[in-house]
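The residues making up each chain are set out below.
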Amino acid sequence: MEYVTQQDDAADLLSITFESESCQVKKALFEMLAAMTVYENSQDPSQGRRRVLETLENASRDQTPITFLGKEFAHAGSDGSGLAYAISTVKLINCLLLSAEIAEKRRLFNELGAIAFSSEVDKSRGVDNDELLTQIDLFDRMTNEMEEVFINEIDPELRKIQSLIATTTPEKKDVILAGCPIRIANSLYCEKSESEANS
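Residues numbered from 1 in each chain as written. Predicted model: local features only at pLDDT ≥ 70, side-chain atom pairs only at ≥ 80, totals over all residues. Heavy atoms only, no water.

**Observations regarding the packing of aromatic side chains**
In the structure shown here, the tally under the stated rule is four aromatic pairs. Measuring from ring centre to ring centre gives 6.0 Å for phenylalanine 109 and phenylalanine 139, while their planes differ by 35 degrees; the resulting arrangement is tilted. Taken as a pair, phenylalanine 109 in helix α7 (residues 102-114) and phenylalanine 139 in helix α9 (residues 130-166) lie far apart in primary sequence, 30 residues in all. As far as burial versus exposure is concerned, phenylalanine 109 and phenylalanine 139 are alike and both buried. Residue phenylalanine 139 is classed as buried on the basis of its relative accessible area of 3%. Taken together, the ring pairs in this structure connect Phe73, Phe109, Phe117 and Phe139 into an aromatic cluster. (Phe/Tyr/Trp six-rings, centres within 6.5 Å; stacked < 30°, edge-to-face > 60°. Helix = DSSP H or I, 4+ residues; strand = E, 2+ residues; numbered from the N terminus. Buried < 20%, exposed > 50% of the residue type's maximum accessible area, 1.4 Å probe, protein only.)

**A word on the side chain of asparagine 129**
Along the chain, asparagine 129 falls in the loop between α8 (117-123) and α9. Of the polar contacts made by the side chain of asparagine 129, one reaches the backbone nitrogen of leucine 132; its length is 2.9 Å. Excluding residues within four positions of it along the chain, asparagine 129 makes contact with Leu83 and Ile87. (Polar contact = N/O pair within 3.5 Å; in protein donor to acceptor, adjacent residues only side chain to side chain. Contact = heavy atoms within 4.5 Å.)

**Points about unusual backbone geometry**
Of note in this structure, arginine 61 is not a glycine but carries a positive phi near 55 degrees. The topology assignment puts arginine 61 in the loop between α4 (47-60) and α5 (65-74). By relative accessible area, which is 71% here, arginine 61 ends up exposed.

Put into structure tokens, the structure is as follows:
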């Protein structure tokens, strides 16, 4: 593993494998990339992860690596070699999330949200495969942790805007809401609808 991560042309060589039509070949590559993602060599602990991202960037062309993986998972299938490929794909996604710093993890989750990756995961919950369900459970736990981070970031700004709305005219409330970040606006619109329903 250390030998591979230290090769300057590792990403170019590994990305050639994506030209294969075989799910088994790509499954083997993804399992190797997952191991490289969390591998820490003695000289540069993050070198393996960088090589993985370089490999995925070469393969994904006009997509981000995590978006590319999310779409691969969606098209993998739920039986035979397709199921094995799906498992290796979500395992690699989990490894990338686990090894990311908080700012990058936030970006990765946002990119997965943009392609409705959680909806694709939901479709696989009924598949009778322990390994897949273990990976889905890990993804769920990381998703919940990230949502806590989002909530903690939103709360202070949410309270400020709530105070502003409480002291302004009804006509200006929609103007304030329109200028809010989407997650905050959604929270405030829900409160506004409940308030109007109760009045």
